[in-house]
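# A structural walkthrough
Residues per chain, in single letters:
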Amino acid sequence: MGGRRANEFTVGHHRKEIIRGMVSSMGNINKFDGIAAQYDTPERAAVASVIAGRIRACVGAAPDKTAIDYGCGTGLVGLQLLDIFKSILFVDASENMLAAVAGKNASARTLRADIMAGARLPAADYILLVQTLLHEKDTRALLARLCGALNEGGRLLLVDFDKNQRVSSPDIHNGFDRRELAGILEKLGCRLNSAETFYHGENLLMGRDASLFLMDAEKLPPQDPFRQD
Ligand SMILES: C[S@@+](CC[C@H](N)C(=O)[O-])C[C@H]1O[C@@H](n2cnc3c(N)ncnc32)[C@H](O)[C@@H]1O
């Protein structure tokens, strides 16, 4: 949840473009840059496979739909899902995390960006937000910006930790109350399709046992203020 500064960020596809933007400069993003090369432990890879399987079951096949994996990290989850979407854009504020994605799949499309620091995302039909919301202080603002990038009828697939009173950290949320998140998403114009805890694991969050949920929220058409029914 560190500070931000104006900067330039790169858009990878392999051919690199430079666009003006704002990038997180301190705190968590520096931390993620520092751990990118060691991020892929067998434990994280195993949990990522469970998450990818859960998302796959939720989406089914969406061969005509575009997706963004926001806060993609090293691509542990998203790279397993390339076959179900028309395309996935891997987005992260950490350059080293994106380099890990590119190192695993040379044709993966990557974008270094932080929407909390003013960057814009292209429109997408699906946005995956996996184990990333807990790192952002302003939950509502991040969700609002992601919903803003969804096409009408698009879906936000949010995977994160259930609220866990045994975890306490100044840097991350100790999980989330799903009803609170559902309330935020509804106010942002999304309908909740489903929300369920799908995984319990040992030492999953700050050395504590924890559980992960998946929320599937669909962006509704804008409300007509004059409609009466
Ligand atoms: C715990 S990792 C999760 C990575 C991946 N989603 C997974 O589950 O394996 C969180 C990732 O979110 C990125 N991140 C954190 N805050 C971000 C922000 N505001 N904008 C873009 N990426 C962010 C970090 O750089 C990091 O790669």
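One can find the structure itself at the top, above this paragraph.
The shown structure was predicted, so the numbers you read here are calculated from the model rather than taken from an experiment.

## Notes on the overall build of the chain
Scanning the chain from N- to C-terminus turns up five helices and nine strands. In sequence order, the secondary structure elements of the chain are arranged as β-β-α-α-β-β-α-β-β-α-β-α-β-β. Within the chain, the proportion of its 229 residues that are buried is 36%. In the chain, the proportion of contacts linking residues at least 24 apart, taken out of those at least 6 apart, comes to 62%.

## Some points on unusual backbone geometry
In this structure, Gln131 takes a positive phi of about 50° despite not being glycine. Tracing the sequence through the fold places Gln131 in the loop between β6 (124-130) and α4 (139-149). The class for Gln131 is buried, based on 21 C-beta atoms found within 10 Å. In this model, Met206 sits at a positive phi of 50°, which is unusual for a non-glycine residue. Within the secondary structure, Met206 sits in the loop between β8 (190-205) and β9 (208-219).

## Regarding the nonpolar core
Ile127, Leu128, Leu129 and Leu156 are the most contacted members of the largest nonpolar core, which totals 57 residues. For Leu129, the residues in contact, after removing those within four places along its chain, are Tyr70, Gly71, Leu146, Leu156 and Leu158.

## Quick look at the environment of Ile184
Among the structural elements, Ile184 can be located in helix α5 (residues 178-187). With 40 residues separating them in the primary sequence, Ile184 and Ala144 have C-alpha atoms 8.8 Å apart. Residue contacts for Ile184: discarding those within four places in its chain leaves Thr139, Arg140 and Leu143.

Rules behind the numbers
- Residues numbered from 1 in each chain as written.
- Predicted model: local features only at pLDDT ≥ 70, side-chain atom pairs only at ≥ 80, totals over all residues.
- Helix = DSSP H or I, 4+ residues; strand = E, 2+ residues; numbered from the N terminus.
- Buried ≥ 20, exposed ≤ 12 C-beta atoms within 10 Å, placed from the backbone.
- Contact = placed C-beta atoms within 7 Å.
- Core = buried A, V, L, I, M, F, W, Y, C linked by C-beta atoms within 7 Å.

Spatial relationships are all this shows, so hold off on functional conclusions.
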